[in-house]
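Secondary and tertiary structure notes
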Amino acid sequence: MNEIIKSSSPDNLISQAIDKDLSIEKLERLFQLKKDWDDQEAKKAFFTSLAKFQNECPNILKANIANIATHSGSNYSYKYATLSNITKTIQKTLSENGLSYRWEQQENGKICITCIITHQNGHNEKTTISSKIDSSGRKNDVQALASIITYLRRYTLTCALGISTAETDTDAVTISTNIEYIDQKQLHKLRDMLIDTESSEEKFCTYLRISDLEYLPKIQFNKALSALEKKHGGSV
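Our subject in this report is the structure included herewith. It should be emphasised that the depicted structure is a prediction, and the values quoted were computed from it without experimental measurement.

Turning to helix α7 (residues 201–208), a few remarks are in order. Residues E201, E202, F204, C205 and L208 constitute the buried set of α7. Across the axial projection of α7, the buried residues extend over an arc of 160°, all falling on one side. Following α7 by one or two positions, R209 has its phi on the positive side, about 60°.

Let us look at the side chain of T158. Its location among the elements puts T158 in helix α4 (residues 141–161). Among the polar contacts made by the side chain of T158, one reaches the main-chain carbonyl oxygen of Y155 at a distance of 3.0 Å. Contact partners of T158, with chain neighbours within four places excluded, come to I86 and I163.

Quick look at the pattern of salt bridges now. By the definition in use, this model includes 9 salt bridges. When the shortest N-O distance is used, the salt bridge between E96 and K92 registers 2.5 Å. Taken together, the residues E96 and K92, both in helix α3 (residues 83–96) and 4 residues apart, mark about one turn of the helix. We note that E96, like K92, is exposed. Linking R191 and E201 is a salt bridge whose minimum nitrogen-to-oxygen distance equals 3.1 Å.

So, on to the nonpolar core. With 17 residues, the main nonpolar core has F53, I90, L99, I117, L157, L161 and I163 as its most contacted residues. Among the elements of the structure, α2 (24–56), α3, β5 (111–119) and α4 are those that each provide at least two residues to this core. Examining the composition of this core, we find that 4 residues originate from one element, α3, more than from any other. When near neighbours in sequence (up to four residues on either side) are disregarded, I163 contacts F53, C57, I60, I90 and T158. Membership of the second largest hydrophobic core comes to 15 residues, among which are L187, M193, F221 and L228.

Let us now look at the sheet that holds β5. The strands making up a sheet associate through backbone hydrogen bonding, with each pair oriented either parallel or antiparallel. In space, the 3 strands of this open sheet follow the order β4-β5-β6, with antiparallel pairing throughout. Strands with a single pairing partner mark the edges of an open sheet, and in this sheet they are β4 (99–107) and β6 (124–131). Here the average twist between neighbouring strands, direction ignored, is 15°. Bridge analysis of β5 against β6 gives 8 bridges, and the strand direction is antiparallel. Counted as the bridge partner of I113 is I129 from β6.

Inspection of the secondary structure assignment puts I163 in the loop between α4 and β7 (166–167). Judged by relative accessible area, I163 falls into the buried class, the value being 13%. Taking the C-alpha atoms as reference points, I163 and Q184, 21 residues apart in sequence, are found 9.8 Å from one another.

Attention now goes to the packing of α7 against helix α8 (residues 221–231). When two helices pack together, their arrangement is captured by the angle between the axes and the distance separating the axes. Running from N to C, α7 and α8 cross one another at 130°; their axes reach a closest spacing of 11 Å. Considering their axes alone, α7 and α8 lie oblique with respect to each other. The way α7 lies across α8 gives a crossing that is right-handed. Between α7, through F204, Y207 and L208, and α8, the contact on the second element is made entirely by K223, A224, A227 and L228.

Residue E198 is not a glycine yet carries a positive backbone phi of 55°. With respect to the element layout, E198 can be found in the loop between α6 (184–196) and α7.

The rules we used
- Per chain, the residues get numbers from 1 upward, laid out in the order the sequence is written.
- Per-residue local features of the predicted model are confined to residues with pLDDT of at least 70, and side-chain atom pairs are confined, for both listing and counting, to 80 or more; whole-chain, interface and lining totals are unaffected and use all residues.
- For side-chain calculations, the full set of non-hydrogen atoms in the structure is used, while hydrogens and water are omitted.
- Relative accessibility thresholds used throughout: buried, under 20% of the residue-type maximum; exposed, over 50%; partly exposed, between the two (1.4 Å probe, protein chains only).
- Here a strand is any run of E in DSSP of at least two residues, a helix any run of H or I of at least four, and the numbering for each starts at the N terminus.
- An arc is given here, and it is the one of the directions from the helix axis to the C-beta atoms.
- Polar contact is the term for a pair of N or O atoms within 3.5 Å; when the atoms are in protein, one must be able to donate a hydrogen and the other to accept it, and sequence-neighboring residues count only if both atoms are side-chain atoms.
- Residue contacts follow a heavy-atom distance rule, with two residues in contact if any of their heavy atoms lie within 4.5 Å.
- By convention in these notes, a salt bridge is any Lys or Arg side-chain nitrogen within 4 Å of a carboxyl oxygen on Asp or Glu.
- Think of a nonpolar core as a cluster: buried Ala, Val, Leu, Ile, Met, Phe, Trp, Tyr and Cys residues, connected wherever their side-chain atoms sit within 4.5 Å.
- Strand pairing is defined by DSSP finding a minimum of two bridges between the two strands.
- Each axis is a line fitted through C-alpha atoms, taken for helices only over the stretch in contact, and angles between the N-to-C directions span 0 to 180 degrees.
- Angular relationships are summarised with four words: roughly parallel below 35 degrees, roughly antiparallel beyond 145, roughly perpendicular across 65 to 115, and oblique for the angles in between.
- If you view the pair so one helix is near and one far, a crossing is left-handed when the near helix is turned anticlockwise from the far one by less than a right angle, and right-handed when it is turned clockwise.

Below, the structure is given as structure tokens:
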């Protein structure tokens, strides 16, 4: 048995074990060891590739403007990056790093979208978000369903990959560099609260007088969080 443990590679251990005619029980333990080893190596490769992708990912510009008419007859607008623009921008860099994505969808009173990021070595990570159908903007049922599916796909994809979108107006970005915006942890906290309270992110941005939640000044974070906690009934 000591000769078998000369190599730490599970493949070598199994090969040597077969040569030594070990029992089925010992072979099963070695096969489980190999599986655990392979799973761990695939997980490490996944996160190495994900970090490399995040470093190399091109800026995703918010090139579209949505003009929303509310039930009350008022209007508001905001900039956003379409799902097709996001996927088109990231596809080459994603493939070069051995990563791919897909979605799964379930409906059980709510629309539940799961984005699955998979590495070529087999490991995957999932991000799931659910929401009620968005009937804002005077949408019919089909439009409302398509709207929330697209929104959740866009949101789960960017969350799963750990990326965000950027403004198209570079001059405006330069001018506003003195403003400290909320960090990713605070952004995710607010978005989780929006989902828990079944609130519209677009309407919330209008209430805060910002074009996008990512550009909420850090000084206004507590005000925004308090408003959502109040709607949630006082719970965090």
